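Chains, contacts and geometry: an overview
So the chains spell out like this:
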Amino acid sequence: MLIFCFIVSMKTRYFIIKDTFKKHLHKMTYFNRRKIAFIGLLFIPITSASTSLNMYIDNTKHITQKPTVINDTIINLDEHIHVSFAETIIDPTIYERSVSVTPSEKLIYLWKDDHRSVDIIPQSLWDPDTSYSLAFSSDNYRSSNGLSYIFSFKTAQYPQIIAEKIPSSDRYVPQGEEIILTFDRSLQNIDLQAVVRPFIQTEQFIDKENNELHIRITGEPDGSLSEHNLTLFAKYSTDDSMRFFPIDSIQFNAILPTPNVWPKAFAERLDIARRSTMPLIKESKYIDVNLDAQVTTLFDHGAFVTNFVNSPGAKDTPTPKGTYKIYNKDPYALSSMFQVYLPFWMAFTEDGEYGFHDLIVWPEGHADMPQGGKESIASIGNAVSPGCVRHDAKNSKYIYNWAEIGTPVVIH
């Protein structure tokens, strides 16, 4: 009953107010009525006037601002990308999902300044000498084309070799000697590792004060004297992934030091000579004769071919040292001085007084060997000749067929 009375009362008041308003409005001039209509229009939302007109509300604090990257376009492999924003990033987690990098890397975000700046780093390190692009969310919230702000940069190379110090100008490194490599920048945060193939044992240490890597040859070459390839790998010390990158390579030959006393066993002598004889001529074939080792070695353009034991001049009639060449050849020469035959003769002095040959052959009736015959193979490995360099029959034939007239000869 009370509710009914309230409704009747309110309805009565409505009609009284309406009737009063109509009476006053009727008394107003036409001009006054237009003013009220205009003022009322101001309170009508403008978007209701036309569906083609859009009104944007300034809500920039909730819109991603254009990032400012505080980096050069060339960065170190462990360097952070520093990014700042004009306004606070409301939800960093969502923003991180909008950032992409090419080539792909897993990124870590370190937010600062109440989410107004961030450091972006890869989970490990940037790859060396690589071009990257970082794409950030568009700063134009009116745009619907999905364009992004792109920051492109390139990573620096690892330190590069600018100087090599190798004991021999011909790049031959005796056992116990070292190679020193100097780099173009600091090695303070760099780990270096040199790998030698074919393998040979080395000791390595980094002189960070002088930006140098020292590589000492401590092992013996496994095979014959040949070129070794030393490849350098590097990584940043802070990188726990053990990812080493190849940065440079050099070539050298490792040789054994020459012994003070050569072993008597031919096999041992030849093995040491093969790994300790440095070729002195690389432009052609040449014959190398080591008088102390009593070993002849053949090289072809610096490459080892073979070696064998010889019989050089005796102490009183030594083989002359020096650089010569093959002047003439004869498969069965007769010595005018000694009246003996010299199979596989090759003269290495211009006067024909000295040369290579097989063990001598005495004709029958010779004063020194009336019955005739051939010199004993026991002479090989002993310095007993009048100055020529003798080899056994097999090796004499080999060197005779291998060397042409003009082939250089080095005797030392």
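We now turn to the structure provided with this report.

Conventions used here
Residues numbered from 1 in each chain as written. Predicted model: local features only at pLDDT ≥ 70, side-chain atom pairs only at ≥ 80, totals over all residues. Heavy atoms only, no water. Helix = DSSP H or I, 4+ residues; strand = E, 2+ residues; numbered from the N terminus. Buried < 20%, exposed > 50% of the residue type's maximum accessible area, 1.4 Å probe, protein only. Contact = heavy atoms within 4.5 Å. Areas by Shrake-Rupley, 256 points an atom, 1.4 Å probe, with all protein chains shown as cover. Polar contact = N/O pair within 3.5 Å; in protein donor to acceptor, adjacent residues only side chain to side chain. Phe/Tyr/Trp six-rings, centres within 6.5 Å; stacked < 30°, edge-to-face > 60°. Lys NZ or Arg CZ within 6 Å of the ring centre and 35° of its normal. Salt bridge = Lys/Arg side-chain N within 4 Å of Asp/Glu carboxyl O. Pairing = 2+ DSSP bridges. Axes fitted to C-alpha atoms, helices over the stretch in contact; angles between N-to-C directions. Core = buried A, V, L, I, M, F, W, Y, C linked by side-chain atoms within 4.5 Å. 1 Å grid on protein atoms, 1.4 Å probe; cavity = no way out; pocket = protein on both sides within 12 Å on 5 of 7 lines; lining within 4 Å. Points joined across faces, edges and corners; volume = space filled by probe spheres on them.

Points about the overall build of the chain
A count of helical and extended segments in the chain gives five helices and 27 strands. Buried residues in the chain amount to 39% of all 412 residues. Relative to all contacts within the chain whose residues are 6 or more apart in sequence, the contacts with residues 24 or more apart total 58%. About 24,300 Å² of surface is accessible on the chain, with carbon and sulfur atoms providing 55% of the total.

Some words on the environment of Ser311
Here Ser311 is to be found in the loop between strand E19 (303-309) and strand E20 (322-325). C-alpha separation for the pair Ser311 and Gln294, spaced 17 residues apart in sequence, amounts to 6.4 Å. Not counting residues up to four positions away in its chain, the partners in contact with Ser311 are Ser379, Ile380, Gly381, Asn382, Val384, Ser385, Cys388, Val389 and Arg390. Within the structure, the side chain of Ser311 is placed 2.7 Å from the backbone oxygen of Asn382, a separation counted as a polar contact.

Looking at the packing of aromatic side chains
Inspection of every chain in the model, using the stated rule, returns 16 aromatic pairs. Both rings, one in Phe348 and one in Phe356, keep their centres 5.0 Å apart while their planes meet at 55°; by these two values the pair is tilted. What links up through ring pairs into an aromatic cluster is the set Trp126, Tyr132, Phe151 and Phe153. The positively charged end of Lys285 is found above the aromatic ring belonging to Trp402, 4.8 Å away from the centroid.

Let's talk about the pattern of salt bridges
Inspection of every chain in the model, using the stated rule, returns 12 salt bridges. Here Lys154 makes a salt bridge to Asp129, at a shortest N to O gap of 3.4 Å. Separated by 25 residues along the polypeptide, Lys154 in strand E8 (residues 149-155) and Asp129 in the loop between strand E6 (117-122) and strand E7 (131-136) bring together distant segments of the chain. Given a relative accessible area of 36%, Lys154 falls into the partly exposed group. In this structure, the salt-bridge partner of Glu220 is Arg275, at a minimum N-O distance of 3.2 Å. Here Arg275 lies in helix H4 (residues 266-276) and Glu220 lies in the loop between strand E14 (212-217) and strand E15 (227-236), a separation of 55 residues in the sequence.

Quick notes on the sheet that holds strand E11 (residues 178-183)
Judged by pairing direction, the sheet is antiparallel, and its four strands sit side by side in the order E9-E11-E14-E13 without closing on themselves. If you trace the sheet from one side to the other, it starts and ends with strand E9 (161-165) and strand E13 (202-207), each paired once. Adjacent strand axes in the sheet meet at a mean angle of 15°, parallel and antiparallel pairs treated alike. Where E11 meets E14, five bridges bridge the pair, whose relative direction is antiparallel. Across the sheet, Thr182 pairs through a bridge with Glu212, a residue of E14.

A short note on the sheet that holds strand E17 (residues 285-290)
Reading across the sheet, the five strands line up as E19-E18-E17-E27-E20 and stay open at both edges, with mixed pairing between neighbours. Both edges of this open sheet fall to E19 and E20, since each of them pairs with a single strand only. Neighbouring strand axes in the sheet, compared pairwise and without regard to direction, differ in orientation by 20° on average. Bridge count for E20 against strand E27 (residues 408-411) is four bridges, and the pairing is antiparallel. Paired with Lys325 across the strands is Pro408, a residue of E27.

Notes on H4
Taken together, the buried positions of H4 are occupied by Arg269, Leu270, Ala273, Arg275 and Ser276. Buried positions along H4 lie against strand E16 (245-255), strand E18 (295-300) and E19.

Digging into the nonpolar core
Of all hydrophobic cores here, the largest spans 26 residues; its most connected members are Ile179, Leu181, Phe183, Leu192, Leu230, Leu232 and Phe252. Broken down by secondary-structure element, the contributors of at least two residues to this core are E11, strand E12 (190-197), E14, E15 and E16. Setting aside anything within four residues of it in sequence, one finds Ile179 in contact with Lys165, Ile166, Val173, Leu213, His214, Ile215, Leu230, Ile250 and Phe252. By size, the runner-up hydrophobic cluster in this structure holds 19 residues, among which are Val69, Val83, Leu107 and Tyr132.

Some words on the layout of surface pockets
If you add up the space inside the largest pocket, you get close to 480 Å³. Lining the largest pocket are 21 residues, with Ser335, Met337, Phe338, Leu342 and Glu353 positioned closest to its centre.

Focus: the pairing of E8
Of the strand pairs in this sheet, strand E2 (residues 74-75) and E8 are connected by two bridges, and their pairing is parallel. Its bridge partner lying in E8, Ile75 is registered against Thr155. Relative to E8, E7 is paired through six bridges, and the arrangement is antiparallel. By the bridge assignment for E8, Ser133 is matched with Ser152.

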